[in-house]
Structures are given as C-alpha cells and as structure tokens.
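Examination of the molecular architecture
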Amino acid sequence: QVQLVESGGGLVQAGGSLRLSCAASVSIFSFTTMGWYRQAPGKQRELVAGISSGGGTNYADSVKGRFAISRDGAKNTVYLQMNNLKSEDTAVYFCNAGRTFNPPYWGQGTQVTVSS
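In this report, we go over the structure that sits alongside the text.

Our focus in this paragraph is the nonpolar core. In terms of nonpolar packing, the biggest core is built from 29 residues, with Met34, Trp36, Leu80, Met82 and Tyr93 touching the most fellow members. Those elements that provide at least two residues to this core are strand 3 (18-24), strand 4 (33-39), strand 5 (46-52), strand 7 (67-72), strand 8 (77-82), strand 9 (91-98) and strand 11 (110-115). Residue contacts for Met82: discarding those within four places in its chain leaves Gly16, Ser17, Leu18, Leu20, Arg66, Phe67, Tyr93 and Val112.

The next thing to look at is the packing of aromatic side chains. Evaluation of the coordinates by the stated rule reveals three aromatic pairs. Ring geometry for Phe94 and Trp106: centres 6.4 Å apart, planes at 90°, overall edge-to-face. Of the two residues, Phe94 is situated in strand 9 and Trp106 in strand 10 (residues 105-106); the sequence distance between them amounts to twelve residues. Looking at Phe94, the relative accessible area reads 10%, which means it is buried. An aromatic cluster of three or more residues is present, and its members are Tyr37, Phe94 and Trp106. We note Arg45 situated over the ring of Phe94; from NZ or CZ to the ring centre the distance is 3.7 Å.

Criteria and thresholds
Residues numbered from 1 in each chain as written. Predicted model: local features only at pLDDT ≥ 70, side-chain atom pairs only at ≥ 80, totals over all residues. Heavy atoms only, no water. Core = buried A, V, L, I, M, F, W, Y, C linked by side-chain atoms within 4.5 Å. Buried < 20%, exposed > 50% of the residue type's maximum accessible area, 1.4 Å probe, protein only. Helix = DSSP H or I, 4+ residues; strand = E, 2+ residues; numbered from the N terminus. Contact = heavy atoms within 4.5 Å. Phe/Tyr/Trp six-rings, centres within 6.5 Å; stacked < 30°, edge-to-face > 60°. Lys NZ or Arg CZ within 6 Å of the ring centre and 35° of its normal.

See below:
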C-alpha cells in the first residue's frame, strides 16, 4: 500500500524559507510523476511543482525562481525547497504521486503559513 507522508511545514515570516519533505513507502521511481500541490482557504487545489520519473521538472508561474523540487531515490523522498516566501504562499501543501492508468496518491497535507 502506498503511503505519502509530508513534513516540514510551519510558520515563517515573509522572505523566509522552508523545505517540505514527502516520504514514500515505496520507490519513488515506481511513479510516473510526483509533485506538490497546495490549497488555500476558499481556493481550488493547484499544482505548485512536479517532477517526472526522468527528472524533468515544472513549476507554477507564481513560484518560478523561488521554489525548487528535488528528490532522493535512496530515501524515497521528494523535497520542495521554498525560498522568499510570500503571504500568498500560505496554504496546505500536499504531496502527490501518479502512475499511468491509476488514480493518484495523496499525502495528508502540511500547513505552511507565511506571516507578513
């Protein structure tokens, strides 16, 4: 059974940094893609950053140049380094993993709050 466990959220001042971690219970290379989504109160869940099994990455325009997604296969963990955080980055951040022809897997979410 696949489990994704996020950690690293918290309260940070604007301009600060956080690193989120997503630990998978299986090899992260068994997924076609992995990524980070976020959902702010009253808003839809949106893609923040993704990484393919081949290592290609993509980012939401709002976080380009500030956030970086990376992975460590030995630890079965995907990271999201978030720099120069803004109040509008406040949201619950979810780890996501996908396999072709299968429903996606989700973590339980971790709260990120940026104070201005």
